[in-house]
Amino acid sequence: MLVSHVLQATPAWVIAHGDDALDELSRRRLDALTERRRQGEPMAYLVGEKEFWGLMFKVTPDVLIPRPDTETLVEAALRYLPAEQEAKVLDLGTGSGAVAIAIAHERPRARVLAVDVSAAALRLAEENAARLLQQNAARIAWRLSDWFATIPLPQQDSERFSVIVSNPPYIAATDAHLDEDGLRFEPRGALIGGASGWEMLQIIAQQAPAYLRPNGVLLMEHGYDQSEVAKALLRGAGFTQCETVNDLAGVPRVAVGIRGAQRFGNSRS
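A quick note: this is a predicted structure, and the numbers were derived from the prediction, not measured. (Residues numbered from 1 in each chain as written. Predicted model: local features only at pLDDT ≥ 70, side-chain atom pairs only at ≥ 80, totals over all residues. Heavy atoms only, no water.)

Peer 1: What is the right way to read the overall build of the protein from this model?
Peer 2: If you tally the helices and strands in the protein, you get nine helices and nine strands. Over its C-alpha trace the protein gives a radius of gyration of 20 Å, about what one expects of a compact globule, namely 18 Å for 269 residues. By its C-alpha atoms, the protein is 70 × 45 × 35 Å across when sized along the principal axes. The long-range share in the protein, meaning contacts at least 24 apart out of those at least 6 apart in sequence, stands at 66%. In the structure as shown, the protein presents an accessible area of about 13100 Å², 52% of it carried by carbon and sulfur atoms. (Helix = DSSP H or I, 4+ residues; strand = E, 2+ residues; numbered from the N terminus. Rg over C-alpha atoms; globule rule 2.2 N^0.38 Å. Contact = heavy atoms within 4.5 Å. Areas by Shrake-Rupley, 256 points an atom, 1.4 Å probe, with all protein chains shown as cover.)

In structure tokens, the structure reads:
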């Protein structure tokens with residue numbers, strides 16, 4: 001992969017020319033990248049891209065690397081977004097834009113608002129959208145926001161969202177895995193969900209009802225051992241029909257709740 005990246009050649013070409021000597025500049029670049037890989041830096045940061053939902057996303061250390069597990073979040077959200085219907089979707093903590101762009105790619109009639117607290121992440125996400133969605137990139141709006149902080153409270157149901165999705169930070173601050181393997185190279189703010197790991201899940205669950213239409217859906221990715229906590233947070237915020245969706249490995253990955261038909265006030269929880 002690194003040789004392909006350095007030479008800007010396909011893996012097949014690299015294999016076919018395996019006995020060729022590298023020029024000095026390419027060799028120095030390869031040595032530098034190889035050393036970074038030996039130190040544990042993720043391959044996605046070294047080559048600057050990562051595949052997600054069949055699309056190739058540009059990634060930098062400003063954003064979390066898109067993971068196959070998160071495709072479960074997209075797949076679950078699409079169940080509540082009929083292809084023939086218009087819908088408003090909110091993606092909280094968009095990062096590289098992977099979830100928002102995947103949904104917009106699959107649902108041409110959906111309008112997506114994608115927010116992040118990082119201006120650098122939003123710039124990268126918008127760049128990904130322009131390249132991957134081309135003329136349809138305008139169906140995603142981008143907003144700098146700490147969760148719901150700068151999103152105006154809806155005054156009527158037509159202003160509310162049909163679906164809210166989020167892959168928030170959900171690792172506990174003391175989790176030893178944060179200092180292992182590639183995680184130590186990824187942005188801490190996109191990983192740590194507070195002392196317990198589920199504080200961000202709680203914030204989202206509490207504030208989401210005011211932004212959802214009656215029978216609107218909130219979907220939150222969570223850690224492998226947070227399924228019951230996530231569903232309890234949803235029920236505590238008034239959501240019904242709360243359930244867990246497993247990823248392809250059978251691990252509980254996404255909590256889903258339906259907003260009831262009752263009205264919610266405009267005060268933040």
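Peer 1: Where do I start with helix H5 (residues 71-78) in this structure?
Peer 2: One turn of the α-helix equals 3.6 residues, which is why residues spaced by three or four share an orientation. Counting buried positions over the eight residues of H5 gives six, a clear majority of the element. Regarding H5, the residues found buried are Thr72, Leu73, Val74, Ala76, Ala77 and Leu78. For H5, the elements touching its buried residues are strand E1 (49-52), helix H6 (98-106), strand E6 (161-166), strand E7 (212-221), strand E8 (239-246) and strand E9 (252-259). (Buried < 20%, exposed > 50% of the residue type's maximum accessible area, 1.4 Å probe, protein only.)

Peer 1: How do you make sense of the nonpolar core when you look at a structure like this?
Peer 2: A general trend in soluble globular proteins is that nonpolar side chains are found buried together. Judged by nonpolar contacts, the single largest core of 37 residues is most densely connected at Ile101, Ile103, Ile140, Trp142, Val163, Val165 and Leu219. When residues of this core are assigned to their parent elements, the largest contribution, seven residues, is made by H6. Once residues lying within four places of it in the same chain are set aside, the contact partners of Leu219 are Leu73, Ala76, Ala77, Tyr80, Val163, Ile164, Val165, Ser166, Val254, Ala255 and Val256. Membership of the second largest hydrophobic core comes to 26 residues, among which are Leu113, Val115, Phe148 and Ala255. (Core = buried A, V, L, I, M, F, W, Y, C linked by side-chain atoms within 4.5 Å.)

Peer 1: Would you mind showing me how to read the packing of aromatic side chains here?
Peer 2: Each pair of aromatic rings is reported with the distance of its centres and the angle of its planes. For the structure shown, the criterion picks out two aromatic pairs. Relative to Phe57, the ring of Phe52 lies with its centre 6.2 Å away and its plane at 75 degrees, an arrangement referred to as edge-to-face. By relative accessible area, which is 1% here, Phe52 ends up buried. Relative to Tyr211, the ring of Phe148 lies with its centre 4.6 Å away and its plane at 25 degrees, an arrangement referred to as stacked. Here Phe148 is found in the loop between strand E5 (140-144) and E6, whereas its partner Tyr211 is found in the loop between helix H8 (199-207) and E7, with 63 residues between them in sequence. The same class applies to Phe148 and to Tyr211, which are both buried. Taking NZ or CZ as reference, Lys88 lies 5.1 Å from the ring centre of Phe161, over its face. (Phe/Tyr/Trp six-rings, centres within 6.5 Å; stacked < 30°, edge-to-face > 60°. Lys NZ or Arg CZ within 6 Å of the ring centre and 35° of its normal.)

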